[in-house]
Amino acid sequence: MGMVWGCVTDFFTYETTKSVVVKSWSVGIINRVVQVLIISYFVGWVFIHEKAYQSIDTAIESSVMTKVKGFGVHNNRVMDVADYVFPQQGAGVFCIMTKIIITENQFQDRCPELGRKFKCTTDADCTKHLGSVLSNGVITGVCIRPYNSTDGRCEIYGWCPAENDEVTIEPMLDVNNFTIFIKNSVRFPLFDVTRGNFPSKMTSDMIKRCNYDRETNPSCPIFRVGDVLKYTGQNISALADKGGEIGINIEWKCNLDLDIEKCVPRYSFTRLDAPFAKNAVSKGYNFRFAKYFKTENGTEFRTLHKAYAIRFDVMVTGKAGKFDTIPTLISLVAAFTSVGLGTVLCDIILLNFLKGADQYKAKKFEEVSSAQIEASLAQSPGSQLSLQPGIKSSYDSGAISLAASDQPI
């Protein structure tokens, strides 16, 4: 019963702050330094750099349109945009083909597979390849050998003749001078703000004559492929031969408290497949596509293209911010609350590490019961509760001043 009553009395208690003025140079300096650091952090980082007084919209809505221009020569053929850009819709992801291996006049038939892996001397050498997805057709399990020869090839059923992708073809290095036009519009739905990636005052003549440059022309929407590769530190010869993937990032960071014309994008460039650039397998980027035809009697045939290409991914990221009362108040409350951390740190030092810690504890923590209050009221009205001789009262209400001379040595 006594334990229950003790819990009840402990629950119905009240704690109030008691001010103890400690005149100590070391503790005072620590307290002010901590407060200055906290205030500097909130002013410099939270409010100025991170703009914690703003509402932020990161739900960016974006549209990207692209257009490539330029002429090149590949395998004694002049290539224009219709020949080397895939797909042709001008989307945010597109490829510029730099090397094409063409296998013409393929018909549905049976023929020998190419490649050292499919060499054979008997049909048993081919049956182990049944179901293989590495061949150019369905392996039939038959070994095709020339007359009086033991050097044969496994038979496939599919598009014949089989593709030979080990031929040596020089890549089209003219891609270095091609240009990419990027048209990007974004909308921040929270603020209903829409922006484009080049100034509205820019005329068609200005666009035709400009090329993007980080320093001299950062607002031009036309990018020379050679400059893009230079920004990523890539070699055009190696990239054109095996292909690769380049990322063009359009980053929008808009402070809508300023003039809307200052809401402009920043471009950055990177090679996205860099982790695989030095691999022995799956290096670069290539794909296949075919063009289909029919003979006069209706038999279908095709021309197969294996293309090595530089793939461009246009990525759009961004955020916009504008002053708002609620985040400002939240940040201010957090700042004022954090300033009190200096007091917590100084209390830890005073209570645990400095001489006179016991005296500080005695002055900081004091229990007052109802009996003590009644006894104090019975005394003269000017008496002060629990104030011992030799301890000075500060001028502010209820504060006790604890000088260095009052602490034991």
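Below is a short write-up of the structure.

Here is what the cut-offs are and how they apply
Residues numbered from 1 in each chain as written. Predicted model: local features only at pLDDT ≥ 70, side-chain atom pairs only at ≥ 80, totals over all residues. Heavy atoms only, no water. Helix = DSSP H or I, 4+ residues; strand = E, 2+ residues; numbered from the N terminus. Rg over C-alpha atoms; globule rule 2.2 N^0.38 Å. Areas by Shrake-Rupley, 256 points an atom, 1.4 Å probe, with all protein chains shown as cover. Buried < 20%, exposed > 50% of the residue type's maximum accessible area, 1.4 Å probe, protein only. Contact = heavy atoms within 4.5 Å. Pairing = 2+ DSSP bridges. Disulfide = S-S within 2.5 Å. Salt bridge = Lys/Arg side-chain N within 4 Å of Asp/Glu carboxyl O. Axes fitted to C-alpha atoms, helices over the stretch in contact; angles between N-to-C directions. Parallel < 35°, antiparallel > 145°, perpendicular 65-115°, else oblique. Nonpolar A, V, L, I, M, F, W, Y, C, P; charged D, E, K, R; others polar. Phe/Tyr/Trp six-rings, centres within 6.5 Å; stacked < 30°, edge-to-face > 60°. Lys NZ or Arg CZ within 6 Å of the ring centre and 35° of its normal. Left-handed = near helix turned anticlockwise from the far one by under 90°. Patch = residues over 30% accessible without salt bridge, like charges linked within 9 Å, V, L, I, M, F, W, Y side chains within 5 Å. 1 Å grid on protein atoms, 1.4 Å probe; cavity = no way out; pocket = protein on both sides within 12 Å on 5 of 7 lines; lining within 4 Å. Points joined across faces, edges and corners; volume = space filled by probe spheres on them.

### With respect to the overall build of the protein
Item 1. Each helix and strand counted, the protein has 11 helices and 19 strands in total.
Item 2. A globule of 409 residues ought to have a C-alpha radius of gyration of about 22 Å, yet the protein, at 39 Å, is considerably larger.
Item 3. For the C-alpha atoms alone, the extent of the protein along its principal axes is close to 130 × 65 × 40 Å.
Item 4. For the protein, the exposed area adds up to about 25,700 Å²; of that, 57% sits on carbon and sulfur atoms.

### Considering the environment of Asp324
Item 1. Within the secondary structure layout, Asp324 lies in the loop between β17 (300–323) and α8 (325–339).
Item 2. A relative accessible area of 28% places Asp324 in the partly exposed class.
Item 3. Here the alpha-carbon distance between Asp324 and Glu166, two residues 158 residues apart in the chain, equals 63 Å.
Item 4. When near neighbours in sequence (up to four residues on either side) are disregarded, Asp324 contacts Tyr53, Gln54 and Ser55.

### Details of the pairing of β17
Item 1. One ladder, built from 4 bridges, connects strand β2 (residues 54–57) with β17; its direction is antiparallel. Paired with Asp57 across the bridge in β17 is Ala320.
Item 2. Across 12 bridges, the pairing between strand β7 (residues 93–112) and β17 is antiparallel. Considered in β17, the bridge of Cys95 is made with Arg311.

### Comments concerning the state of the cysteines
Item 1. Inspection of the entire model under this criterion finds 5 disulfides.
Item 2. The partner cysteine of Cys111 in its disulfide is Cys160, sulfur to sulfur 2.1 Å. When the S-S torsion is -80°, as for the bridge of Cys111 with Cys160, the disulfide is left-handed. You can see Cys111 sitting in strand β7 and its partner Cys160 sitting in strand β10 (residues 152–160), a full 49 residues away along the chain.
Item 3. Residue classification places Cys111 among the buried residues on the basis of a relative accessible area of 9%.
Item 4. For the protein, the bonded cysteines pair up as 1-6, 2-4, 3-5, 7-8, 9-10 when numbered in the order they occur along the sequence.

### Concerning the pattern of salt bridges
Item 1. According to the stated counting rule, one finds 13 salt bridges in the structure shown.
Item 2. A salt bridge links Lys99 to Asp241; the shortest N-O distance between them is 3.0 Å. Here Asp241 lies in helix α7 (residues 236–242) and Lys99 lies in strand β7, a separation of 142 residues in the sequence.
Item 3. Its relative accessible area of 7% is what places Lys99 among the buried residues.

### Focus: the packing of helix α9 (residues 341–352) against helix α10 (residues 357–364)
Item 1. The geometry of α9 relative to α10 is characterised by a closest axis approach of 7 Å and an angle of 125° between their N-to-C directions. With respect to α10, the axis of α9 lies oblique. Each of Asp347, Leu350, Leu351 and Asn352 in α9 lies in contact with α10, whose residues at this interface are Ala357, Tyr360, Lys361 and Lys364.
Item 2. Of the residues contributing to the contact of α9 with α10, the split by class is 4 nonpolar, 1 polar and 3 charged.

### Describing the packing of aromatic side chains
Item 1. Overall, the coordinates contain 19 aromatic pairs when judged by the stated rule.
Item 2. Through a chain of ring-to-ring contacts, the aromatic side chains of Tyr212, Phe223, Tyr231, Tyr267 and Phe269 assemble into a single cluster.
Item 3. Positioned above the aromatic ring of Tyr231 is the side chain of Arg214, whose terminal nitrogen or guanidinium carbon lies 4.3 Å from the ring centre.
Item 4. Geometry around Tyr231 places Lys230 over its ring, the cationic atom sitting 5.4 Å from the centre.

### Here we look at the packing of helix α2 (residues 25–49) against α9
The packing of two helices is summarised by the inter-axis angle and the distance between the axes.
Item 1. Interhelical geometry of α2 versus α9 gives an angle of 150° and a closest axis separation of 8 Å. As summarised for this structure, α2 and α9 are arranged roughly antiparallel, according to the angle between their axes. Taken as a pair, α2 and α9 cross one another with a handedness that is right-handed. Residues Val27, Ile30, Asn31, Val34 and Ile38 of α2 form the contact with α9, whose own contacting residues are Leu341, Gly342, Thr343, Leu345, Cys346, Ile349 and Leu350.
Item 2. Split into classes, the residues belonging to the contact of α2 with α9 amount to 9 nonpolar, 3 polar and no charged.

### Things to note about a nonpolar patch on the surface
Item 1. A contiguous nonpolar patch, built from Val4, Trp5, Val8, Phe11 and Phe12 and spanning about 630 Å² of accessible area, is present on the exposed surface.
Item 2. With respect to the element layout, Val8 can be found in helix α1 (residues 2–11).

### Overview of empty space enclosed by the protein
Item 1. Tallying each qualifying case throughout the model produces 1 cavity of 30 Å³ or more.
Item 2. Roughly 50 Å³ of volume is contained in the largest cavity.
Item 3. Listing elements by their share of the lining of the largest cavity, those giving two or more residues are β5 (77–79) and β7.
Item 4. Considering only residue class, the lining of the largest cavity consists of 3 nonpolar, 2 polar and 1 charged.

### Let's talk about unusual backbone geometry
Item 1. Following Phe86, the chain continues to Pro87 via a peptide bond in cis, the omega torsion being -10°.
Item 2. Relative to the elements of secondary structure, Pro87 occurs in the loop between β6 (85–86) and β7.
Item 3. Of note, the bond from Cys160 into Pro161 is cis; its omega dihedral lies within 30 degrees of zero at 0°.
Item 4. For Pro161, the location among the structural elements is in the loop between β10 and β11 (179–188).
Item 5. The backbone of Asn76 sits at a positive phi, close to 65°, despite the residue not being glycine.
Item 6. Topologically, Asn76 is positioned in the loop between β4 (72–74) and β5.

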